[in-house]
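# Structural features, examined
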Amino acid sequence: MVATLLIIMVVLLLLGFPMMIPLIAAPLVVLLIFFPNIDPIFMIQQMMEGISGYVLLAVPLFIFAADIMSTGQTSKRLLDFVGSFIGHIRGGFAITTAAACTLFGSISGSTQATVVAIGKPMRQRLLSVGYKDSHAIALIINASDIALLIPPSIGMIVYAVVSGTSVGDLFIAGIGPGILIFLFFAVYSYFHAKRYNIPLADKSTWVERLRFTKKALFPLGFPVIIVGGIYSGVFTPTEAAGISVLYALILELFVFRSIKIVDVPRIALSTGLVTSAVFVLVAGGQAFSWVISYARIPQLVTGAVLPADPTALNVLLIVAIFFFIGCMFVDPIVVILILTPIFYPVAMAAGVDPVHLGVVITFQAALGSATPPFGVDIFTASAVFNRSYLDVIRGTPPYIVMLIIVAILVILFEEISLFYRYLF
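About the cut-offs
- Residues numbered from 1 in each chain as written.
- Predicted model: local features only at pLDDT ≥ 70, side-chain atom pairs only at ≥ 80, totals over all residues.
- Heavy atoms only, no water.
- Helix = DSSP H or I, 4+ residues; strand = E, 2+ residues; numbered from the N terminus.
- Buried < 20%, exposed > 50% of the residue type's maximum accessible area, 1.4 Å probe, protein only.
- Contact = heavy atoms within 4.5 Å.
- Phe/Tyr/Trp six-rings, centres within 6.5 Å; stacked < 30°, edge-to-face > 60°.
- Lys NZ or Arg CZ within 6 Å of the ring centre and 35° of its normal.

Moving on, we come to unusual backbone geometry. Backbone torsion omega between Pro151 and Pro152 reads 5°, so that peptide bond is classified as cis. With respect to the helices, strands and loops of the structure, Pro152 is situated in the loop between helix H8 (133-144) and helix H9 (154-163). One non-glycine residue with positive phi stands out, namely Asn197, at about 55°. Along the chain, the position of Asn197 falls in the loop between helix H11 (175-195) and helix H12 (206-232). Judged by relative accessible area, which is 56%, Asn197 ranks as exposed. In this structure, Asn386 takes a positive phi of about 55° despite not being glycine. On the secondary structure map, Asn386 appears in the loop between helix H19 (376-385) and helix H20 (389-393). Overall, Asn386 belongs to the exposed group, its relative accessible area being 68%.

Below, the structure is given as structure tokens:
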């Protein structure tokens, strides 16, 4: 059964079919061949059930808010704000890029939106002060992956739907690992700039800093509203997503006046196209999960790769390896949908905290998104910056090494992700 499932998926992918086709076709064929007594209509029912969750309403809303801000001035104001405080220190331009990606990620929840919104303006700034293009692009795509950890994370929402874990807890838990990644990138940027003698930017005066801070106050309100509102219980994650759209529209339409009313339908259409692809994947993932669970494939897979009585650490290491490799080849959302149902039950049996597991899984999704051969952010950057595949991946190895180190720390020390339980 497992071999049949894999062969069908690989063949369809090699033939050029989009991921949604093998995701649905492979389990359907397995169902027809090995379980002919099961009515295939159950597949349709499972697909509908997969996208019926209330929490999934947050996905198109967060994507819509990110699209509005990418079109408007939010990203520029965040860049100016961060640059005014740290742009003058050694490696300041690179650190500004990482910090801006972190901040924009806390607003958008999308790695690809962050590549576009922060990458376009910052790449030119990095090149103008002497950074190699390969290093600039590698920094942008890897720092953008922090968006998968810093709330609101689309990946965490999908994991929450599959596992039934609290979205609010996952959002809070992603903050620690996200900040840790930024700190690693900042330290590396400092020593890289020192080694290659990258020029320093002019130091901003306090008057300029105050001006840029005032301009950034409204964009900085996004994470406060999202995280503060959810964790304080004022509203749910889905309601926070709706509020973020309203807030983005008010800022860009009436405060910044960077877009016009006539632009909103075009932005909404772009959001609709992305959302439809995500929801088809989620629906297919639910049907896939149901079939492999019915066929007891999770027990076969985990029995083959895990010892008879695995510890929590055993499970987390295997989960990290499987998700990391999977996200190198396939969209992270698909990997979360396919692999989470396989490893979640055994992780719970081993005593792994479901929130910690969600952070580890999302972290590997972030890591795989910028890792060759098929990390999704690599192709996004290639299209946005009009650079070849090899140009994009040339500078990524140092960042991949740093992300792997942070991933190991997150696995070994759950306090990094569950810090909020010790504070409150």
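On to the environment of Phe184. Note on placement: Phe184 falls in helix H11. With relative accessibility at 24%, the residue Phe184 sits in the partly exposed group. As a C-alpha pair, Phe184 and Met402 span 218 residues in sequence and 6.9 Å in three-dimensional space. Excluding residues that lie within four positions of it along the chain, Phe184 makes contacts with Met402, Ile405, Val406 and Leu409.

Attention now goes to the packing of aromatic side chains. Within this structure, the stated rule accounts for 10 aromatic pairs. On the numbers, 6.5 Å between centres and 65° between planes, the contact of Phe62 with Phe171 is edge-to-face. Residue Phe62 is located in helix H4 (residues 58-71), and its partner Phe171 is located in helix H10 (residues 167-173); the two are separated by 109 residues in the primary sequence. A relative accessible area of 0% means that Phe62 is categorised as buried. Assessed through its relative accessible area of 2%, Phe171 is described here as buried. Ring geometry for Phe419 and Tyr420: centres 6.1 Å apart, planes at 85°, overall edge-to-face. A residue is classified by how much of its surface remains accessible, and Phe419, at 24% relative accessible area, is partly exposed. Through a chain of ring-to-ring contacts, the aromatic side chains of Phe81, Phe85 and Trp206 assemble into a single cluster. The ring of Phe212 carries the charged tip of Arg211 above its face, separated from the ring centre by 5.0 Å.

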